[in-house]
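# Chain and residue survey
Residues per chain, in single letters:
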Amino acid sequence: MSLPVIDMTALFGRDPAARGAAATAIKSACEDDGFFYVVGHGIATATLRRLETEARGFFDLPTADKQTIAMARGGVAWRGWFPLCGELTSGRPDSKEGLYLGEELGPDDPRVAAGWPMHGANLWPAAAPGLRPAAEAFFDGASAAAAALMQGVSLALGLDDRFFARQYLQRPTRLFRIFNYPPTPPEAWGVGEHTDYGLLTLLAQDDAGGLEVRARDGWRTAPPIPGALICNIGDMLERLTGGRFVSTPHRVVNRSDRARLSFPFFYDPDFAAEMIPILGTGETPAVGERWDGDDVHAVSGTYGDYLLAKVGRVFPGLEAAVLRI
């Protein structure tokens, strides 16, 4: 059984019936496996192709050029490049290299001035000048698509379409990753089983394939569909909906004979937003059902608290050297 494909075009318009139909489809997907494809997202095919071309050029650079924007140079903003096996999932190195990006914030932004972790300026490679405009074009398009999808999520929960924007997304945490997976050895994973942390992830991927989703009926592949993005929900949407919408584990293994590129965009709560569930939206599932044994329904505090605890496990050395949390 394949993942559903949802046309989200109506979420950019104001026709109540069409928006309601899109919200119903989102509700069904989020209550089922928490993964679905979206079309009608507004990001041009040319934008996706340009991003793939520029990203491939960046990863083909000599290591010395990529090291000029190493993550250690990004400071508390937690931006920059990391090498193959430089990121951990469940304590094990991933078979991928990557570039961490996010909302471009200058020193006069109050969050940057206050020294908030994971807020600040991106690092861009001088040897690949086309990467920045390509990445920023995708970032802007994905931001608009994610905001529209969150209106659909609000409607799917029987709320007004601006509910999440008011309650949790005053200044959404917007992060973007560009990953390069070499062909994966039989004994390894490109990235092991995990869930995402926030509200929604929008994923563009090249045609190599390799994404696998742990659906209710077992693991299934999520192959690329030309022009479509994959959307999945994160831990905090499961938390906020009381378990009605499910944060689904997924993993990557690149069994092709060439490198695989993927482009996950994360649209998450305001860093300072309190993760207080929406009353009456669902029933909390039994503790211990998650892949990692954690209980997202016991989470308290802000989204920033949760996010920093999670990313500290992914880059423990960087956490100790840079964030000191």
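Below you will find a few notes about this structure. (Residues numbered from 1 in each chain as written. Predicted model: local features only at pLDDT ≥ 70, side-chain atom pairs only at ≥ 80, totals over all residues. Heavy atoms only, no water.)

### Quick word on the layout of surface pockets
Test applied: Grid points spaced at 1 Å over the protein atoms alone were grouped into cavities, where a 1.4 Å probe fits but cannot get out, and pockets, open sets with protein on both sides within 12 Å along at least five of seven lines, with lining residues defined by an atom within 4 Å of a point. Grid points are joined across faces, edges and corners, and a volume is the space filled by probe spheres set on the points. For the purposes of this entry, the term helix denotes a DSSP run of H or I that reaches at least four residues, the term strand denotes a run of E that reaches at least two, and both are numbered from the N terminus. Under this grouping Gly is polar, as are all residues other than the nonpolar Ala, Val, Leu, Ile, Met, Phe, Trp, Tyr, Cys and Pro and the charged Asp, Glu, Lys and Arg.
Counted as a void, the largest pocket has a volume near 690 Å³. Residue lining of the largest pocket: 39 residues in total, with Val191, His194, Thr195, Asp196 and Tyr197 positioned closest to the centre. Only β4 (88-89), β7 (172-181), β8 (191-194), β9 (200-205), β13 (250-252), β14 (260-270) and α8 (303-314) provide two or more residues apiece to the lining of the largest pocket. Top contributing element to the lining of the largest pocket by residue count: α8, with six residues. Here the residues of the lining of the largest pocket are counted per class, giving 18 nonpolar, ten polar and eleven charged.

### Digging into the sheet that holds β13
Heads up, the rule is: Pairing between strands requires that DSSP locate at least two bridges from one strand to the other. The axes are straight lines fitted to the C-alpha atoms, using for helices just the contacting stretch, and the angles between their N-to-C directions are given from 0 to 180°.
The strand order across the open sheet formed by four strands is β8-β13-β10-β11, and the pairing between neighbours is antiparallel. Each end of this open sheet is capped by a strand with a single partner; those strands are β8 and β11 (218-221). Averaged over all neighbouring strand pairs, the angle between strand axes comes to 20 degrees, with direction disregarded. Two elements, strand β10 (residues 211-215) and β13, share three bridges in a ladder whose sense is antiparallel.

### Things to note about the pattern of salt bridges
Applied cut-off: The salt bridge criterion pairs a side-chain nitrogen of Lys or Arg with a carboxyl oxygen of Asp or Glu, the two atoms within 4 Å. Classification of residues uses two cut-offs on accessible area relative to the type maximum, computed with a 1.4 Å probe and protein chains only: under 20% is buried, over 50% is exposed, and between them is partly exposed.
Scanning the entire structure with this criterion turns up 22 salt bridges. Close ionic contact of Glu31 with Lys27 constitutes a salt bridge, the shortest N to O distance being 3.4 Å. Of this pair, Glu31 and Lys27 both sit in helix α1 (residues 16-32), four residues apart, which is roughly one turn of that helix. Glu31 sits in the partly exposed class, given a relative accessible area of 28%. Residue classification places Lys27 among the partly exposed residues on the basis of a relative accessible area of 29%. Each member of the salt-bridge network shares a partner with another, and the members are Glu52, Arg56, Asp206, Asp207 and Arg258.

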